[in-house]
Each structure stands twice: as structure tokens, then as C-alpha cells.
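Working through the structure, step by step
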Amino acid sequence: MKKNIVLTGMMGVGKTTIGKSLANQLFSKFIDIDTLIEEKEGRSIKVIFDREGENYFRKLEQDLTLQEIKKRNSVISLGGGAFLNRSIRSIVKEFSISFWLDVNLDILTKRLQNKVNRPLLNKQNLSETINKIYLERKETYNEASFKINCSFLKPEQIVNQILKLYEN
């Protein structure tokens, strides 16, 4: 691999699924930042948010991401809010080729409606909450090297699109 591949986008778009498949095809390491945080802390992200707050979580996320992004031969899945961090975004641009995985918000709402481990989701107004988060983030996500509309694509089609763009 010439540069790392970094996947960004909203929670529930499929960054982990796509990332694992990409890493397999490229014979590279797959790193899921959220999973790393949970392993390091010995507790779920929801529990971290509930007990320590979002600022504590974001600091952990920044430290681990900045550390992992400098490693070579990796496909890295960022947490949904990580790319909003200027330091993370800057280092991603320097060391990686980034892909914004975007999904239609109606599809995203359906995917997330039964998820209980997402600390930023308000279950009473799920659609409204997802729309609000998306509107706050889409301009920043757009700074990724490439945008892939994943709404009506199968995972293998998404992987193939990323591989074509990456190899060119």
C-alpha cells in the first residue's frame, strides 16, 4: 500500500464492514478506532460518554487516531465524529487517502433505529437527530479525498469503487 486508506462518515454507514473487506483485499491491517478505544478503556463508548463525557472520549479518540494514522499498510475506520477534529483531519490528509462513505438519511435512520449503543442518538426523534448531525458534519466530511454514495450499492461494489479510486 502506498498510503493508508481512511474511512469517514456517519455512524451506521458501514465503515467497519467496508474497512474489513478492503483490508482483506489489500492484505493490510484493519484498524477500527472505536474498537481500539473500547479495548483500551475496557468499556463501551456509550459507557465512556455516560460516565466521562464527550470531551474525555474525543481526547482519547484524537490521541489514538493520531498514533494509528502514522502506521503504514492500514485501512482505518474513524468514528463518526473524528474527522471533525482539525488535528485528525490534517494528519489524515497528510498520511492517507480518505473516503467519505455517504448514505441516504432515510436508509441511515432505518439502520440505526434499533441501535442502543450510539450515545449521540436521541431515540425519541431519531430521524431529526440524524438529520441534525449530518447537516453539522457534511461540509467537513466533504474534505475527504473522495465521496462514495453507498445508498444503493452492495458492500463489494463499494469496496471495488474505493479500490479503483485508490489505485489511480
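Look above for the structure.
Here we summarise the structure given alongside this text. Keep in mind that what you see is a predicted model, and the values were worked out from it rather than measured.

So, on to helix H5 (residues 86-95). Each full turn of the α-helix corresponds to 3.6 residues, which orients residues three or four apart in the same direction. Three or more residues of H5 are buried, namely Ile88, Arg89, Ile91, Val92 and Phe95. Looking at the packing, one finds that the buried side of H5 touches strand S1 (4-8), helix H4 (54-69), strand S4 (96-102) and helix H7 (126-141). By the N-cap criterion, in which a side-chain oxygen at the helix start approaches the backbone nitrogen of a residue two or three places on, H5 is capped by Asn85, the distance to Ser87 being 2.8 Å.

Counting residues in hydrophobic clusters, the biggest one holds 50 residues, and the most contacted among them are Ile5, Leu7, Leu22, Leu78, Leu101 and Ile162. Discounting chain neighbours no more than four positions away, the residues touching Leu78 are Val6, Leu7, Thr8, Lys15, Ile33, Thr65, Phe83, Ile88 and Val92.

Let us look at the packing of helix H1 (residues 15-26) against helix H8 (residues 155-167). Here H1 crosses H8 at 55°, and the two axes come no closer than 10 Å. The angle between H1 and H8 places the two elements in the oblique class. Note on packing geometry: the crossing formed by H1 with H8 is right-handed. In this structure, H1 uses Ile18, Ser21, Leu22, Gln25 and Leu26 to contact H8, whose residues at the interface are Pro155, Ile158, Val159, Ile162 and Leu163. Here the residues of the contact of H1 with H8 are counted per class, giving 8 nonpolar, 2 polar and no charged.

This brings us to the packing of helix H6 (residues 105-112) against H7. Viewed as axis vectors pointing N to C, H6 and H7 meet at an angle of 125°, and their least axial separation amounts to 10 Å. Here H7 runs oblique to H6, going by the angle between their axes. Considering how the two elements wind past one another, H6 and H7 form a crossing that is right-handed. Only Leu126, Ser127, Ile130, Asn131 and Tyr134 of H7 make contact with H6, whose side of the interface consists of Leu105, Leu108, Thr109 and Leu112. For the contact of H6 with H7, the per-class residue count stands at 6 nonpolar, 3 polar and no charged.

Reading guide: rules and limits
- Residues numbered from 1 in each chain as written.
- Predicted model: local features only at pLDDT ≥ 70, side-chain atom pairs only at ≥ 80, totals over all residues.
- Heavy atoms only, no water.
- Buried < 20%, exposed > 50% of the residue type's maximum accessible area, 1.4 Å probe, protein only.
- Helix = DSSP H or I, 4+ residues; strand = E, 2+ residues; numbered from the N terminus.
- Contact = heavy atoms within 4.5 Å.
- Polar contact = N/O pair within 3.5 Å; in protein donor to acceptor, adjacent residues only side chain to side chain.
- Core = buried A, V, L, I, M, F, W, Y, C linked by side-chain atoms within 4.5 Å.
- Axes fitted to C-alpha atoms, helices over the stretch in contact; angles between N-to-C directions.
- Parallel < 35°, antiparallel > 145°, perpendicular 65-115°, else oblique.
- Left-handed = near helix turned anticlockwise from the far one by under 90°.
- Nonpolar A, V, L, I, M, F, W, Y, C, P; charged D, E, K, R; others polar.

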